Amino acid sequence: MQKTKILLDESEIPTHWYNVVADMPNPPAPPLGPDGKPIGPDALAAIFPTSLIEQEMATQRWIPIPEKVREIYQLWRPTPLFRAHRLEAALGTPAKIYYKFEGISPAGSHKANTAVAQAYYNAEAGIKRIATETGAGQWGSSMALAGQMFGIDVRVYMVKVSYHQKPYRRSMMQTWGAEVFASPSEQTKVGRAALAENPDNPGSLGLAISEAVEDAASRADTNYALGSVLNHVLLHQTVIGLEAQKQFAIAGDYPDMIFAPCGGGSNFGGVAFPFFADKAAGKNVRLVAVEPTSCPTLTRGHYAYDYGDTAMLTPMTLMYTLGHDFMPPSIHAGGLRYHGDSALVSQLYHEKLLEAVAVPQLATFEAGVRFARAEGIIPAPEASHAIAACIDEALRCKASGEAKTLFINLSGHGHFDMSAYDSYFSGKLEDCIYPEEAIQAALAHLPKVG
Ligand SMILES: *Cc1c(COP(=O)(O)O)cnc(C)c1O
């Protein structure tokens, strides 16, 4: 019998996270403060614990995973690597397709991998409360879960459209004890100003980040936590790629191409960076970030210093950006609607060591449904982006007769996204290409640096 699931024992949960900075050809461009000068660790001390700031700036290759974090990882890690025999057969492709399923975490996505680590370090630093934002709700759920495990109160600013579209994500956060407000909210200055200007403001991730940062910066017992983009977040996610390397060794195989959805870059970095180490050592592996055509940060954005949030409270980082005042079209893959991207992913992409493609919304749902009908698992709309790009490659293999090994990071399940599937089935979803004028207009708003 051919194997379908390649499983690791709990004792094989990685003991260290992998830091890609050690293998990058150039050191990462420094984040800048409001004066245009590189920031030091103090600039972040009001909202992050020292241990995470150290990880943010770390250059050593391996960083130990605390035992208490590994113990919580045991609840769902190691995650299985599947061979998609049934999808291969349905496509009639000679390609071999594998996927790693991060949807088995209690919160339903990879985001729990970093939430647990962040909650641990904050608890160690004596922090009692965390303020954070969430778009579609996956990050808020993960942080609520992790806060509960370490006795930290969690306050979530949830982008207003999602707050109303995904009521059960909210209930999930409440089940784990978190407090949830629709953003813009009356709780912060930034929120009140946005509401005064437009009481019907639907919210955006950039705005919700501003609210959470303001909340955290104004209270000594409160820190901020971000679910993607930052170096330490990508670091924590490398457990995905590290486990996958062991699983491919067991399967006696190795990926030619890896596909992961890319919003802020955390699951992509998490799966791709350990393989980037192999690539830096001479292995031939292509690492492909997949984003929506409606939010084409890597494929069409500017590589420039920009803020991480709308209110310009964060440091500026050198990254691909659509502009910090970007208002995303309301597509259903909420987790992929951020204006910027990880600085590490951006730099490696700029140096042409990583690849990116954009896929339109309808194609992603078509791919998600095809996947569910073959493999059973209903993917999160974000994850369907990677599936769509992988299916395209598998069909190219069918045409050319090549038997490539393709690997998808299935970042989460879609059980809380069924209203998006409903819209797809009832023909209400449309493709949306982000307009070139808007991309050009963003240039004018980028901060002047240097
Ligand atoms: C948040 C999310 C993403 C996108 O975020 P990244 O930081 O780019 O990984 C992708 N898939 C799922 C399931 C998510 O919850």
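First, a word on scope: everything that follows refers to the structure included in this document. All of these numbers come straight from a predicted model, not from anything done at the bench. Per chain, residues are indexed from 1 in the order of the written sequence. Residue-level local features of this predicted model are given only where pLDDT is at least 70; pairs of side-chain atoms are given and counted only at 80 or more, and the full residue set underlies all totals for whole chains, interfaces and linings. Heavy atoms throughout the structure, all of them, feed into the side-chain values; hydrogens and water do not.

**Remarks on unusual backbone geometry**
Piece 1. Cis geometry is found at the peptide bond from R77 to P78, where omega equals -10°.
Piece 2. Each helix is a run of H or I in the DSSP string that is no shorter than four residues. Each strand is a run of E no shorter than two, and both are numbered from the N terminus. Inspection of the secondary structure assignment puts P78 in the loop between α2 (67-73) and β4 (81-83).
Piece 3. For the bond running from S183 to P184, omega is 5°, close enough to zero to count as cis.
Piece 4. In this model, V229 sits at a positive phi of 70°, which is unusual for a non-glycine residue.
Piece 5. Locating V229 in the fold gives a position in the loop between β9 (222-224) and α10 (231-237).
Piece 6. Positioned with a positive phi, M312 is a non-glycine residue whose angle comes to about 60°.
Piece 7. Per-residue accessibility, obtained with a 1.4 Å probe over protein chains only, is compared with the maximum for each type, and a residue is labelled buried under 20%, exposed over 50%, and partly exposed between these values. For M312, a relative accessible area of 44% corresponds to the partly exposed category.

**Points about the sheet that holds strand β5 (residues 96-101)**
Piece 1. On the basis of which strands lie adjacent, the open sheet formed by seven strands has the order β1-β4-β5-β15-β10-β11-β14 and mixed pairing. Every interior strand has two partners, whereas the edge strands, β1 (5-6) and β14 (355-359), have only one.
Piece 2. Looking at chain direction, β5 and strand β15 (residues 405-410) are connected through six bridges and run parallel. Bridge pairing in β15 links K100 to N409. The criterion for strand pairing is that DSSP finds at least two bridges linking the strands in question.

**Digging into the pairing of strand β7 (residues 153-159)**
Piece 1. Of all seven residues in β7, six are buried; the element is thus mostly enclosed.
Piece 2. In the sheet, strand β6 (residues 129-134) pairs with β7 via six bridges, with the strands oriented parallel. If you follow I130 over to β7, its bridge partner there is V154.
Piece 3. At this point the chain moves from β6, through helix α5 (residues 138-149), to the parallel β7, and the crossover so formed is right-handed. Clockwise travel from the first strand over the helix to the second, with the strands pointing away from the viewer, marks a crossover as right-handed.

**So, the site of the ligand**
Piece 1. Only a single heavy atom is needed: when it lies within 4 Å of a molecule or strand, its residue is near that molecule or strand. The environment of the ligand is made up of 17 residues, and the closest members are K111, S228, G263, S266 and N267.
Piece 2. Pairs of N or O atoms are called polar contacts if they sit within 3.5 Å, as long as, within protein, a hydrogen donor faces a hydrogen acceptor (for residues adjacent in sequence, only side-chain-to-side-chain pairs). Residue S228 places a side-chain N or O atom 2.4 Å away from an oxygen atom belonging to the ligand.
Piece 3. With respect to the ligand, the backbone of G265 contributes an N or O atom lying 2.9 Å from an oxygen atom.
Piece 4. Residue burial considers only the protein chains on display, and all accessible areas are found by Shrake-Rupley using a 1.4 Å probe. Here the ligand, which alone exposes 380 Å², has 98% of that area covered by the protein.
Piece 5. Ten residue types, Ala, Val, Leu, Ile, Met, Phe, Trp, Tyr, Cys and Pro, are classed as nonpolar, four, Asp, Glu, Lys and Arg, as charged, and the remainder, Gly among them, as polar. Tallied by class, residues from the shell around the ligand come to three nonpolar, twelve polar and two charged.

**Overview of the sheet that holds strand β8 (residues 179-183)**
Piece 1. The strand order across the open sheet formed by four strands is β8-β7-β6-β9, and the pairing between neighbours is parallel. Two strands lie at the open edges of the sheet, namely β8 and β9, each paired on one side alone. The average undirected angle you get between the axes of adjacent strands in this sheet is 25°. Every axis in this analysis is a line fitted to C-alpha atoms, fitted for helices over the stretch in contact. Angles between the N-to-C directions lie between 0 and 180 degrees.

**Remarks on the state of the cysteines**
Piece 1. Note on terminology: pairs of cysteine sulfur atoms within 2.5 Å are recorded as disulfides. Overall, the coordinates contain zero disulfides when judged by the stated rule.
Piece 2. In this structure C262 is not part of a disulfide, and its nearest cysteine sulfur, from C295, lies 9.8 Å away.

**Side note on the nonpolar core**
Piece 1. Note on terminology: a nonpolar core comprises buried Ala, Val, Leu, Ile, Met, Phe, Trp, Tyr and Cys residues joined through side-chain atoms within 4.5 Å. Grouped together as the largest cluster of nonpolar side chains are 40 residues, with contacts concentrated most on W17, V69, Y73, V116, M143 and M173.
Piece 2. Elements with a contribution of two residues or more to this core: α2, α4 (112-124), α5, β7, α7 (167-175) and β8.
Piece 3. Sorting elements by how many residues they give to this core places α4 first, with seven residues.
Piece 4. Ranked by size, the runner-up nonpolar core spans 33 residues in total, among them V20, A260, V345 and F407.

**Looking at the pattern of salt bridges**
Piece 1. A pair is scored as a salt bridge if a Lys or Arg side-chain nitrogen falls within 4 Å of a carboxyl oxygen belonging to Asp or Glu. What the rule picks out here adds up to 17 salt bridges.
Piece 2. E67 is paired through a salt bridge with R70; the nearest N and O atoms lie 3.3 Å apart. With E67 and R70 both in helix α2 and three residues apart, the pair spans about one turn of that helix.
Piece 3. Between E355 and R286 there is a salt bridge whose closest N-O contact spans 2.8 Å. Of this pair, E355 sits in strand β14 while R286 sits in strand β11 (residues 286-292), and the two are 69 residues apart along the sequence.

**Describing the pairing of β15**
Piece 1. In terms of residue burial, β15 counts as a mostly covered element, since six of its six residues are buried.
Piece 2. With burial as the criterion, each face of β15 is covered, one bearing T405, F407 and N409 and the other bearing L406, I408 and L410.
Piece 3. In the sheet, strand β10 (residues 257-261) pairs with β15 via three bridges, with the strands oriented parallel. The residue bridging M257 from the neighbouring strand is L406, located in β15.

**Some details on the side chain of S105**
Piece 1. With respect to the secondary-structure elements, S105 resides in the loop between β5 and α4.
Piece 2. The class of S105 is buried, set by a relative accessible area of 4%.
Piece 3. When checking whether two residues touch, look at their non-hydrogen atoms; a contact exists if any pair is within 4.5 Å. Once you skip the residues sitting within four places of it in the chain, S105 turns out to touch W76 and A112.

**What about helix α14 (residues 343-350)?**
Piece 1. Burial of α14 is extensive: seven of the eight residues sit out of reach of the surface.
Piece 2. All of the buried residues in α14 are A343, L344, V345, S346, Q347, L348 and Y349.
Piece 3. Buried residues belonging to α14 abut α10, α12 (266-280), α13 (297-300), β12 (302-307), β13 (316-321) and β14.
Piece 4. Sitting at the head of α14, S342 places a side-chain oxygen 3.2 Å from the backbone nitrogen of L344.
Piece 5. Positive phi appears at K352, one or two residues downstream of α14, with a value of about 65°.

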